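Working through the structure, step by step
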Amino acid sequence: QVQLQESGPGQLKPSETLALTCHISGAFISSSYWTWVRQSPGKGLEWIGSVFSSGSLSYNPSFQPRVTFLIDIPKNQITLTLVSMTLGDSAVYYCARDSGPSGLTDWGQGVQVTVSS
Amino acid sequence: QSILTQPPSVSGTPGQTVTISCSGDRSNIGDHSVHWYRQVPGTAPKAVIYLDTQRPSGVPDRLSGSKSGTSASLTISGLQSEDEADYFCATWDGGLSGWVFGGGTTLTV
């Protein structure tokens, strides 16, 4: 069974950089696609971007150029970096296994990120 | 504002049938499979319908999905109190080349 675990700071100040890690167990990172999504009361669910098994990356234009994904194959984890954080970036951030046409089949428990001065 | 449109809330009494709609356009629902997720506040989403109509293992057959054109629906029959949760739809958008989501519907039993 695939399990995903997000980790990272729960609180940031405006203009700081967010770095979140999604550790994957039960599957090799290179065997599937992986997607980052965030959820906030004001904006609902938003697709941040996806990592494909080929290693290629796709980002939501709404987050560019602030977002970067870094894949660590030996550690089987993906790091999301989002720079210049604002109050509007406060949300629960999820990583999910992306099974393509079959949808986002497995989700991490999410990590609450709050941006506050 | 979400790309896919869902009613903010629906309600029903135990035993009744409710339907949650999800409306999009040709670049998303019209061209790609729709998936439905159930989310209890404070927990991660869990798939209840994938590929428009398929139920993952463990999801009761009281839940069913359908799609026509640029709209999809999730129907829950024989409502039970444990069905209370938020439900949202998701699909791929060819124009965005990414995932799009509905705003979510709160089901009250």
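To be clear, the structure that these remarks concern was listed above.
What counts as what
- Residues numbered from 1 in each chain as written.
- Chains lettered and ligands numbered in written order.
- Predicted model: local features only at pLDDT ≥ 70, side-chain atom pairs only at ≥ 80, totals over all residues.
- Heavy atoms only, no water.
- Phe/Tyr/Trp six-rings, centres within 6.5 Å; stacked < 30°, edge-to-face > 60°.
- Buried < 20%, exposed > 50% of the residue type's maximum accessible area, 1.4 Å probe, protein only.
- Helix = DSSP H or I, 4+ residues; strand = E, 2+ residues; numbered from the N terminus.
- Pairing = 2+ DSSP bridges.
- Axes fitted to C-alpha atoms, helices over the stretch in contact; angles between N-to-C directions.
- Polar contact = N/O pair within 3.5 Å; in protein donor to acceptor, adjacent residues only side chain to side chain.
- Contact = heavy atoms within 4.5 Å.

1. Structural notes on the packing of aromatic side chains
One pass over the structure, following the stated rule, counts 9 aromatic pairs over all chains. A connected cluster of aromatic rings, assembled from ring pairs, spans Tyr94 and Trp107 of chain A together with Tyr37, Phe88 and Phe101 of chain B.

2. Here we look at the pairing of strand β8 (residues 77-82) of chain A
Residues and elements named next belong to chain A. The buried count for β8 comes to 5 of 6 residues, which makes it a mostly enclosed element. In the sheet, strand β3 (residues 18-25) pairs with β8 via 6 bridges, with the strands oriented antiparallel. Counterpart to His23 in the pairing with β8 is Gln77. The pairing of strand β7 (residues 67-72) with β8 spans 6 bridges and is classified as antiparallel. If you follow Phe69 over to β8, its bridge partner there is Leu80.

3. Considering the sheet that holds strand β6 (residues 71-76) of chain B
All names here are of chain B. The sheet built from 3 strands is open, its strands ordered β2-β6-β5 with antiparallel pairing. The sheet is open, and its two borders are formed by β2 (18-23) and β5 (63-68), each paired with just one other strand. Between one strand axis and the next, the sheet turns by 20° as a mean value, whatever way the strands run. Here β5 pairs with β6 via 6 bridges, running antiparallel. Bridging from a neighbouring strand, Leu63 pairs with Ile76 of β6.

4. Focus on the side chain of His35 of chain B
Within the fold, His35 of chain B resides in strand β3 (residues 34-39). A polar contact is formed between the side chain of His35 of chain B and the backbone nitrogen of Leu51 of chain B, at a distance of 3.2 Å. Not counting chain neighbours up to four residues away, the residues in contact with His35 of chain B comprise Gly100, Pro101, Ser102 and Gly103 of chain A together with Ile49, Tyr50, Leu51, Phe88, Cys89, Ala90 and Trp99 of chain B.

5. Describing the sheet that holds β3 of chain A
All names here are of chain A. Within the open sheet, the 4 strands sit side by side as β1-β3-β8-β7. Their pairing is antiparallel. Either end of the sheet is taken by a strand with one partner, and the two such strands are β1 (3-7) and β7. Across the sheet, the mean angle separating the axes of adjacent strands is 20° when strand polarity is ignored.

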